[in-house]
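Descriptive structure summary
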Amino acid sequence: MKLLKDKIASEGIVLSGQVLKVDSFLNHQVDPKLMQAIGREFTRRFSDEPITKVLTIESSGIGPGLMTALELDVPLIFARKQKSLTLRDDVFVEKVHSFTKQVTNEVTVSRRYIVPGDTVMIIDDFLAHGEAALGLARIVEQAGARVAGIGIVIEKAFQQGATRLQEAGYRVESLARIRSLEGSVVFEDEPADPSLTCRS
Ligand code: 5GP
């Protein structure tokens, strides 16, 4: 998706060979027009699926997730990372480890919002090792619903997330795929090009 890749190239900051900072349009300040374009692109790519719900994880998945849900005219559900105040029986719970933050969160979704018969599209901002997306997929399966696929805004293709998700049988659609973050951003489907170099 050219608009997104241009934004990454001009505003992304390479923090290390492993981590990209995109605080100016996705992870802190949010660019609504870009989120709208992302929502339209996910909707186009999954137009063959009868999606009934969009599921993401707080907080950075909410922007792209909401715009996708708006475009599809279905509800958005975001999994919570904080401990739920409601009874354990009322929620699906899965452990999700974050390699970026080096913490394991218990993520929860109310049993009221995903039900058998739902076809759920999972959205997240980044795909690294696939922990967050796999945790969300396990929640959909706990609910007896079906995962239509996983939509990722930025995939770090040099990490194992997409392979893990595909081996688990899930369709993955990534709008920008990064081959390397060694000093600068190199996108997967393009030759190394100095014009795509980010500030580092
Ligand atoms: P995974 O669960 O696939 O290992 O990691 C994905 C999650 O970690 C995303 O929800 C995102 O919040 C965070 N994450 C992983 N890598 C990056 C990165 O390079 N930059 C940012 N901003 N977040 C990342």
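You'll find the structure just up there.
A brief report on the enclosed structure follows.

Definitions and cut-offs
Residues numbered from 1 in each chain as written. Predicted model: local features only at pLDDT ≥ 70, side-chain atom pairs only at ≥ 80, totals over all residues. Heavy atoms only, no water. Buried < 20%, exposed > 50% of the residue type's maximum accessible area, 1.4 Å probe, protein only. Helix = DSSP H or I, 4+ residues; strand = E, 2+ residues; numbered from the N terminus. Contact = heavy atoms within 4.5 Å. Near = heavy atom within 4 Å. Polar contact = N/O pair within 3.5 Å; in protein donor to acceptor, adjacent residues only side chain to side chain. Areas by Shrake-Rupley, 256 points an atom, 1.4 Å probe, with all protein chains shown as cover. Nonpolar A, V, L, I, M, F, W, Y, C, P; charged D, E, K, R; others polar.

**A few points about helix 4 (residues 62-72)**
By the burial criterion, the buried members of helix 4 are Pro64, Gly65, Met67, Thr68 and Ala69. In this fold, the buried residues of helix 4 make contact with helix 2 (23-27), helix 3 (32-45), strand 3 (53-57), strand 4 (76-79), strand 7 (119-127) and strand 8 (146-156).

**A short note on the site of the ligand**
The environment of the ligand is formed by 15 residues, the closest being Leu20, Asp124, Gly130, Ala132 and Lys156. Contact between the ligand and aspartate 124: an oxygen atom at 2.8 Å from a side-chain N or O atom of the residue. One of the backbone nitrogen or oxygen atoms of alanine 132 is found 2.8 Å away from an oxygen atom of the ligand. Against a free-state accessible area of 500 Å², the protein chains account for coverage of 88% of the ligand. Where the shell around the ligand is concerned, the elements lending two or more residues are strand 7 and helix 5 (131-142). Among the elements that take part in the shell around the ligand, strand 7 stands out by supplying four residues, more than any other. Taken together, the residues of the shell around the ligand break down into six nonpolar, five polar and four charged.

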